[in-house]
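Okay, here's what each chain looks like letter by letter:
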Amino acid sequence: MKRFSALFSAIDQSTKTTVKTKALAEFFATAPDEDKLWTIALFSGRRPKRAVTTTQLREWAAEVAGIPLWLLEESYPIVGDLAETIALILPEATQTSDHSLSHWINTLHALHDIPAEDRKAQILAAWDQLDPTERFLFNKLITGGFRIGVSRKLMTRALAQATGQDEAELAHKLMGDWTPATTTYASLIEADDPAAAQSRPYPFYLAHQLEDAPENLGAPSDWQAEWKWDGIRGQLIIRDEHHLWSRGEELITDRFPEFARARDFLPKGTVLDGEIVTWDGTAPMPFSTLQPRITRKTVPKKLLKEAPVILLAYDLLEHQGQDIRNQPLEQRRAALETLLDAMSSDAPVRASPAITFDSWENLKALRQTSREMRAEGLMLKRKASPYLAGRKKGDWWKWKLDPLTIDAVMIYAQQGHGRRANLFTDFTFAVWKGNELVPFTKAYSGLTDKEFAQITAWVRRNTQARFGPVRQVTPEHVFEIAFEGIQASPRHKSGIALRFPRMARWRQDKPVQEANTLDDLHAMLATYG
Amino acid sequence: MRAPVLTFTDHGIYCPAGDFYIDPWRPVSRALITHGHSDHARPGMGSYLATDAALPIIRHRLGEITAEGIPYGETRRIGGASVSFHPAGHIPGSAQIRVEVAGEVWVASGDYKVLPDGLSEAFEPVPCHSFITESTFGLPVFRWPDQTEVAREMTAWWAANAAAGLTTFLGAYSLGKAQRLLRMLEPIGPILTHGAVEASNAVLRAQGYDLLETLPVTPDLDVKAHPGALVLAPPSALGSQWARRFGKGSTGFASGWMRLRGVRRRRSVDRGFVVSDHADWDDLHQAIKATGAENIYVTHGYTDIFTRHLIDQGYNAQVVPTQFGETEEEPA
């Protein structure tokens, strides 16, 4: 654990990517294979199977620290991380040890095979021989969510530096549903396992939000536009079998049985990138109808009928068994259309239309019609662009519609956690209904650190009542709330629910009486819901 | 029933028997001041009373004021109250204020730190019936590491930066924390100071506090003539135009908040050093116990949680409604 802990500290103590990459590359060049494999797994979102619950961890930690459980529970949201909270409250260790990362992970795995009542002693023994940083990391192995400032991209780059392999090729090898239990460092990184390659998706190419005027992108003839659908990104693989991957690299084949039929329509050796949307036969249905499909691991017949999905495909990554990501978009698009045009209209895959346009002016006008098309805006893709891995600037842009906005009054505030501990960052907003303020949304983001500090000082001085961690404040400040969508929701007092609400601006110029009303919100619901 | 010795008003802590306020946040005629930080010593009071050791800084910060100094431990009669000032260990000159009326004793702690820092007058427990305590770090996750070890790490970081040709930027509150760091660090290279830090240094040195040699950063200072320097500045100056002239560097911040990874990441500093001018969880409890007080009033920080825990421990504890704002530099 000492070597892994030193790696963590080196990464954690720097805000510079080059320093982090170098530390990781050194680790990959020197650590034992088993530790390397686990490090790759942890930094790509995989974690050991949980053998104790976080509830048990909390109880045991409070007991060892000699504090009541409620005090640990109150401290946790302020620290923002359970593993860290526990590491901070435990008394100093009485022993030391020099076991490897893999040793501790194997210890955790072994807990599955011993009686539940014996697991506590093992965890306590571990705590008592680890230093504070090691303890934090050990707890992290149990609680999961290894977000410590190392992106998968950074980890892949470091691995490329350490092994001398091509970064894009490595990124592809690391895709899929492997775990350290199903593979070894040698077969994952050094050899290429053909069985694993069968279901392995390509890394998704992600677009940046367009900030500049589109005119700066150059000639319209160099660009292709597409509707930006409001579904979930998916990669459909047709090889010996079919596989469907989400952008979060989750295998979601079973949740969307519609795509089994794709094998009847598409040849083996086809990989499509597109948007999974619910489909009414001619157009996508609202995102809210897709939500139950995303969460259900098995789909009841009724739901399948009410909310059928299709893939609106916009890219072809593998054609006739060949990886064609390096071909220009224009060629990939032509191949995609040839492949899909021949398909029957009830097939679960359709080509998302490519929009050609002769002037940016015309495209701007078209973009304004996005909501009628059930789209969030447009995508702009350079016709000459290869299909890259990850979020890269230059060739692909999302050009979303301006968000909907409403001016609302802040009525409750709560402290943030993690990075934002000791600042008030979580607010509840209300609109007027006559003389009454009706809460309708929460928002956490959009202000600068300076604004959060300013509002924090104000909240402390203007607290009217406390409900646990929540403070009711004097209704005095108006914020412009931006959001992407609005839906009717009987669960909320206001009768509506917003999609992606955030604070667009602090309207210090606006008196509280001039905030919007519940009627305004319902009018927006009627127009955009 | 008799009026309480101290009450909590919209102007601050008030003593009816002596007709004075402690650390008031709005103008009043007579103010007793625990220490010189700007959220405790505010402008606009008719008269000020503070320890002899705290007064030079208060005068320096507030300009022309009517003020009087008092030695630690000396009792003074104000109206029907007897008051005395006792070391709080927070920063040089800081005091807890003891107020006695007809045999009943209250102590307002101001901010305090039990751990000796080699600079501030060492904290002294003052027996009382009612104790007004701060709780800036009143959570069990705040426990301060061994300060000798922290000092060693800080100096080692500086040395490593110097060896790599980097400037070392150390952020700290300009009154108290900065001077304490000037006792903790080993002088392995030149120490350059921001004007705000140096102003406090000058006042404290004139009082006889012994600090490491420093070089004030002035517009005509030749930065290149001081390779391997450590730049000591308030956090707000780091990452600003002011800091750019020193070229590439590594940034650290010394504060109790650095105990939390999340806060350190929010500040985007490379290194966080857990050095606080406040009592940690264990020391808050120890200090409260040492007063022998039954009634505990809690202000500043995690007041709700800390108060609930004190009640669990059998104290008669309550939260003081406070209007104390955050100071601009988050001094903890």
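Residues numbered from 1 in each chain as written. Chains lettered and ligands numbered in written order. Predicted model: local features only at pLDDT ≥ 70, side-chain atom pairs only at ≥ 80, totals over all residues. Heavy atoms only, no water.

1. Brief notes about the interface of chain A and chain B
Link 1 in the chain: Opposite the 35 residues of chain A that make contact, chain B presents 31 residues.
Link 2 in the chain: Between chain A and chain B the total buried area reaches about 3000 Å² when both faces are included, carbon and sulfur atoms providing 51% of it.
Link 3 in the chain: There are three salt bridges connecting chain A and chain B.
Link 4 in the chain: The shortest N-O distance in the salt bridge between A:Asp12 and B:Arg261 comes to 3.0 Å.
Link 5 in the chain: Seen at the junction of chain A and chain B, the total is 10 residue pairs in polar contact (both at pLDDT 80 or more). (Contact = heavy atoms within 4.5 Å. Buried area = accessible area lost by both parts, 1.4 Å probe. Salt bridge = Lys/Arg side-chain N within 4 Å of Asp/Glu carboxyl O. Polar contact = N/O pair within 3.5 Å; in protein donor to acceptor, adjacent residues only side chain to side chain.)

2. A few points about the pairing of strand β10 (residues 375–382) of chain A
All names here are of chain A.
Link 1 in the chain: For β10, a buried count of seven out of eight residues is recorded, marking the element as mostly surrounded by other parts of the structure.
Link 2 in the chain: One ladder, built from six bridges, connects strand β3 (residues 223–229) with β10; its direction is antiparallel. The residue bridging Trp223 from the neighbouring strand is Arg382, located in β10.
Link 3 in the chain: Here five bridges tie β10 to strand β12 (residues 396–400), and the two strands are oriented antiparallel to one another. When the sheet's bridge partners are listed, Met379 is paired in β12 with Lys398. (Buried < 20%, exposed > 50% of the residue type's maximum accessible area, 1.4 Å probe, protein only. Helix = DSSP H or I, 4+ residues; strand = E, 2+ residues; numbered from the N terminus. Pairing = 2+ DSSP bridges.)

3. Description of the sheet that holds strand β16 (residues 249–254) of chain B
All names here are of chain B.
Link 1 in the chain: One open sheet holds the six strands; their spatial order is β14-β13-β15-β12-β16-β17, and the pairing between them is parallel. With one partner strand each, in any of the chains shown, β14 (215–216) and β17 (271–273) form the two edges of the open sheet.
Link 2 in the chain: Where strand β12 (residues 167–171) and β16 come together, five bridges link them in parallel fashion. Bridge assignment links Leu170 to a residue of β16, and that residue is Gly252.
Link 3 in the chain: Across the sheet, helix α4 (residues 195–206) touches β13 (191–193), β14 and β15 (230–233), and the angle it forms with β13 is around 100 degrees. (Axes fitted to C-alpha atoms, helices over the stretch in contact; angles between N-to-C directions.)

4. Thoughts on the packing of helix α6 (residues 82–89) of chain A against helix α9 (residues 132–143) of chain A
Residue and element names in this part refer to chain A.
Link 1 in the chain: Axis separation between α6 and α9 bottoms out at 8 Å; the angle between their running directions is 145 degrees. As α6 packs across α9, the resulting crossing turns out to be right-handed. Each of Leu82, Ala83, Glu84, Ile86 and Ala87 in α6 lies in contact with α9, whose residues at this interface are Pro132, Arg135, Phe136, Asn139, Lys140 and Thr143. (Left-handed = near helix turned anticlockwise from the far one by under 90°.)

5. Some words on unusual backbone geometry
In most cases, non-glycine residues show a negative phi, while peptide bonds are predominantly trans.
Residue and element names in this part refer to chain A.
Link 1 in the chain: Positive phi, close to 50 degrees, is recorded for Gln320, a residue that is not glycine.
Link 2 in the chain: Within the secondary structure, Gln320 is located in the loop between β7 (309–319) and β8 (322–323).
Link 3 in the chain: Backbone geometry places Arg374, a non-glycine residue, at a positive phi of 65 degrees.
Link 4 in the chain: Inspection of the secondary structure puts Arg374 in the loop between α18 (360–367) and β10.

6. Concerning the domain arrangement of chain B
Residues and elements named next belong to chain B.
Link 1 in the chain: In terms of domain boundaries, chain B breaks down into domain 1 (7–141 + 277–319) and domain 2 (147–273).
Link 2 in the chain: Each of domain 1 and domain 2 has a C-alpha centre, and the two are 29 Å apart.
Link 3 in the chain: Taken together, both faces of the contact between domain 1 and domain 2 bury some 1800 Å²; the carbon and sulfur share is 64%.
Link 4 in the chain: By the criterion of area lost to domain 2, the three top residues of domain 1 are Ile57, Leu119 and Asp277, representing 30% of everything that side buries.
Link 5 in the chain: Where domain 1 meets domain 2, there are one salt bridge.
Link 6 in the chain: For Asp277, the salt bridge is made with Arg180, and the minimal N-O distance between the two is 3.0 Å.
Link 7 in the chain: Taken together, the links from domain 1 to domain 2 amount to seven residue pairs in polar contact (both at pLDDT 80 or more).
Link 8 in the chain: Tallied by class, residues from the side of domain 1 that touches domain 2 come to 10 nonpolar, seven polar and six charged. (Domains from an automatic or database assignment. Nonpolar A, V, L, I, M, F, W, Y, C, P; charged D, E, K, R; others polar.)

7. A word on the pattern of salt bridges
All names here are of chain A.
Link 1 in the chain: Inspection of the entire model under this criterion finds 40 salt bridges over all chains.
Link 2 in the chain: One salt bridge in this structure joins Asp346 and Arg261, with 3.4 Å as the shortest N-O distance. Of the two residues, Asp346 sits in the loop between α17 (329–341) and β9 (349–351) while Arg261 sits in the loop between β5 (242–246) and α14 (262–265), which places them 85 residues apart along the sequence.
Link 3 in the chain: Asp395 is the partner of Arg382 in a salt bridge, and the nearest nitrogen-oxygen pair spans 2.8 Å. Of this pair, Arg382 sits in strand β10 while Asp395 sits in the loop between β11 (390–391) and β12, and the two are 13 residues apart along the sequence.
Link 4 in the chain: On the accessibility criterion, Arg382 (26% relative accessible area) is partly exposed.
Link 5 in the chain: Looking at Asp395, the relative accessible area reads 17%, which means it is buried.
Link 6 in the chain: Beyond isolated ion pairs, a larger network of salt bridges with shared partners links Asp407, Glu480, Arg505, Arg507, Asp509 and Lys510.

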